[in-house]
Amino acid sequence: MPATKYYPPPAFAFSVGVAAASSPVLTGNIDASFQEVSGIDSKVDIQEVVEGGVNSFVHQLPGVTKHSNLVMKRGYVARSSDLATWAGQSIGSSLGSAIVTKTICVFLLGPDGKALVTWTFNNAWPVKWEVGALNSTDSSKVLTQSLEFSYTTVTTEMAAK
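Residues numbered from 1 in each chain as written. Predicted model: local features only at pLDDT ≥ 70, side-chain atom pairs only at ≥ 80, totals over all residues. Heavy atoms only, no water.

Caption draft 1: Examining the overall build of the protein more closely. When its secondary structure is counted, the protein shows 1 helix and 9 strands. Ordered by position from the N terminus, the helices and strands of the protein form the series β-β-β-β-β-α-β-β-β-β. In terms of overall dimensions, the protein is more spread out than a globule: its C-alpha atoms have a radius of gyration of 20 Å, far above the 15 Å expected for 161 residues. Taking the principal axes of its C-alpha atoms as reference, the protein extends roughly 65 × 60 × 45 Å. Expressed as a percentage of its 161 residues, the buried residues of the protein come to 24%. (Helix = DSSP H or I, 4+ residues; strand = E, 2+ residues; numbered from the N terminus. Rg over C-alpha atoms; globule rule 2.2 N^0.38 Å. Buried < 20%, exposed > 50% of the residue type's maximum accessible area, 1.4 Å probe, protein only.)

Spelled out as C-alpha cells, the structure:
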C-alpha cells in the first residue's frame, strides 16, 4: 500500500473560542475573531546541580514548566463586547474584586473546517490590552488591538484520524 503524502496545515485557518472556566463548553456568541495568535509554547526550566568532586560535567534536571503569554491580535472593535468587558474588568480593575478566569481554545482548522488541533488554555485572564499606533499618514492600515493572556496550563488535542 503506497504511503499517502503529508502536507503541513496552513497557519491561516484557525478560530478562537472563549468559555467560562467552570464550563469549558464553548457556547453563545463568538466574540473572538482574530487575525493572529502567538505565544503557544512551553519550556521546561533546567536546574543545574553541581556534584561535589566531579568537575567534568554538571547534572541538568528538569524544573518547572513555563509558558509564554498567549497573544491575540485583531482589528479594533469599537463597540461593547463580552471579550472587551472581561479584559476591562481584569486589566482596568483595582483588584477590589476577584479576577475572572476563563478557558480559551484555539482551533487549527483543516480544509473541511473541522479542528485538526485544539489548544486549550485553562484559567486564562487578560494581562495586557494594547491599541496599535494611530497614524494619519497611512490611510490603508486598519487600527488593531492586541490582547495578552496569562494562563495556568495548556493542553493539546489532535483530531482522531
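Caption draft 2: Representation of the pattern of salt bridges within the structure. Tallied over the full model, the rule gives 3 salt bridges. A salt bridge links Lys66 to Asp45; the shortest N-O distance between them is 3.1 Å. Note that Lys66 is positioned in strand E4 (residues 59-67) and Asp45 in strand E3 (residues 42-49), a separation of 21 residues in sequence. Using a relative accessible area of 46% as the deciding quantity, one classes Lys66 as partly exposed. A relative accessible area of 21% places Asp45 in the partly exposed class. Taking the shortest distance from any N to any O, the salt bridge between Glu130 and Lys128 comes out at 3.7 Å. Since its relative accessible area comes to 38%, Lys128 is described here as partly exposed. (Salt bridge = Lys/Arg side-chain N within 4 Å of Asp/Glu carboxyl O.)

Caption draft 3: Representation of a nonpolar patch on the surface in the model. On the surface, a nonpolar cluster with roughly 330 Å² of combined accessible area is contributed by Tyr76, Ile91, Trp129 and Val131. Within the fold, Tyr76 resides in the loop between strand E5 (70-75) and helix H1 (82-91). (Patch = residues over 30% accessible without salt bridge, like charges linked within 9 Å, V, L, I, M, F, W, Y side chains within 5 Å. Areas by Shrake-Rupley, 256 points an atom, 1.4 Å probe, with all protein chains shown as cover.)

Caption draft 4: Representation of the environment of Ala11. Note on placement: Ala11 falls in the segment before strand E1 (14-20). On the basis of relative accessibility, which here comes to 69%, the residue Ala11 falls in the exposed class. Each C-alpha atom of the pair Ala11 and Trp129 lies 24 Å from the other, and the pair is 118 residues apart in sequence.

Caption draft 5: Spatial organisation of unusual backbone geometry. One non-glycine residue, Asn123, lies in the positive phi region at around 55°. Inspection of the secondary structure puts Asn123 in strand E7 (residues 115-131).

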